[in-house]
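# Close look at the chain arrangement
Residue strings, one per chain:
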Amino acid sequence: MIYRVVKYGDPVLETRAADIMSFDTPELHQLVADMFGTMYAHKGVGLAAPQIGLSQRLTVIDCSAGQDETQKVVLINPEIVHREGQQVGEEGCLSIPGFREDVKRTMKVTVRARNAAGESVELTAEGLLSRAIQHETDHLNGVLFLNHLSLLKRDLIRRKIRKLAKAGEWE
Ligand code: NI
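Parameters at a glance
- Residues numbered from 1 in each chain as written.
- Predicted model: local features only at pLDDT ≥ 70, side-chain atom pairs only at ≥ 80, totals over all residues.
- Heavy atoms only, no water.
- Helix = DSSP H or I, 4+ residues; strand = E, 2+ residues; numbered from the N terminus.
- Expected span 1.5 Å × (residues − 1).
- Buried < 20%, exposed > 50% of the residue type's maximum accessible area, 1.4 Å probe, protein only.
- Pairing = 2+ DSSP bridges.
- Axes fitted to C-alpha atoms, helices over the stretch in contact; angles between N-to-C directions.
- Contact = heavy atoms within 4.5 Å.
- Phe/Tyr/Trp six-rings, centres within 6.5 Å; stacked < 30°, edge-to-face > 60°.
- Lys NZ or Arg CZ within 6 Å of the ring centre and 35° of its normal.

### Thoughts on helix α2 (residues 127-140)
Taking 1.5 Å per residue, 14 residues should reach 20 Å; α2 reaches 21 Å between its end C-alpha atoms and fits that length. Counting buried positions over the 14 residues of α2 gives twelve, a clear majority of the element. Gly142 lies just past α2 and shows a positive phi near 75 degrees.

### Some remarks on the sheet that holds strand β3 (residues 73-84)
Pairing is antiparallel across the open sheet formed by five strands, whose spatial order is β1-β2-β3-β6-β7. Each end of this open sheet is capped by a strand with a single partner; those strands are β1 (46-48) and β7 (120-126). Averaged over all pairs of adjacent strands, the angle between their axes in this sheet comes to 35 degrees, without regard to strand direction. In the sheet, strand β2 (residues 58-61) pairs with β3 via four bridges, with the strands oriented antiparallel. What sits directly across from Val60, in β3, is Val74. Set on the sheet, helix α1 (residues 26-41) makes contact with β1, β2 and β3; between it and β2 the angle comes to about 45 degrees. Lying on the sheet, α2 is in contact with β1, β2, β3, β6 (108-114) and β7; it crosses β7 at an angle near 125 degrees.

### Points about the packing of aromatic side chains
The relative placement of two aromatic rings is captured by the distance of their centres and the angle of their planes. If you walk through the whole model with that rule in mind, you get two aromatic pairs. Relative to Trp170, the ring of Phe99 lies with its centre 6.3 Å away and its plane at 65 degrees, an arrangement referred to as edge-to-face. Placement of Phe99 in the loop between β4 (87-91) and β5 (101-105) and of Trp170 in the segment after α3 (151-166) is noted, with a sequence separation of 71 residues between them. Across from the ring centre of Trp170, 5.8 Å away, lies the NZ or CZ of Lys7, which sits over that ring. Its end group placed over the ring of Phe23, Arg114 keeps NZ or CZ at 5.9 Å from the ring centre.

Following this line, the structure appears as structure tokens:
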């Protein structure tokens, strides 16, 4: 099934999500498949469970946007264990549609996580994949890319979103 993506303003997006405790269940495999489906349907390269209203530490990433099966990444209960360097680049979020801003991130990260089968996985990434890992891991901690912007920029975007919500254009 394709889930509705929760928009900025919903408290689930600013809540720390809970660890996933049971692995390799039909429900978890289905959820992962549906999260990829939902992400592709919305033309995203990453999606975290809180964005479908589920406060659990699960995220899916595919920087090829469905073009290359080998680039599919599933991270459950992820921990970034190493960070190196710096990069600045434009970022958006399916939960904050229509807004894109430059965000400063680490260039290279190593993340430890589990996959849906419950196996430990470790991944070292640079560039866009590294950025996606940081953005999605942030989601699981209730942190949005807006939190990385200057107060001034964040306020400006918040004000614009409030206006859209008032006009019924932020559902
Ligand atoms: Ni996002």
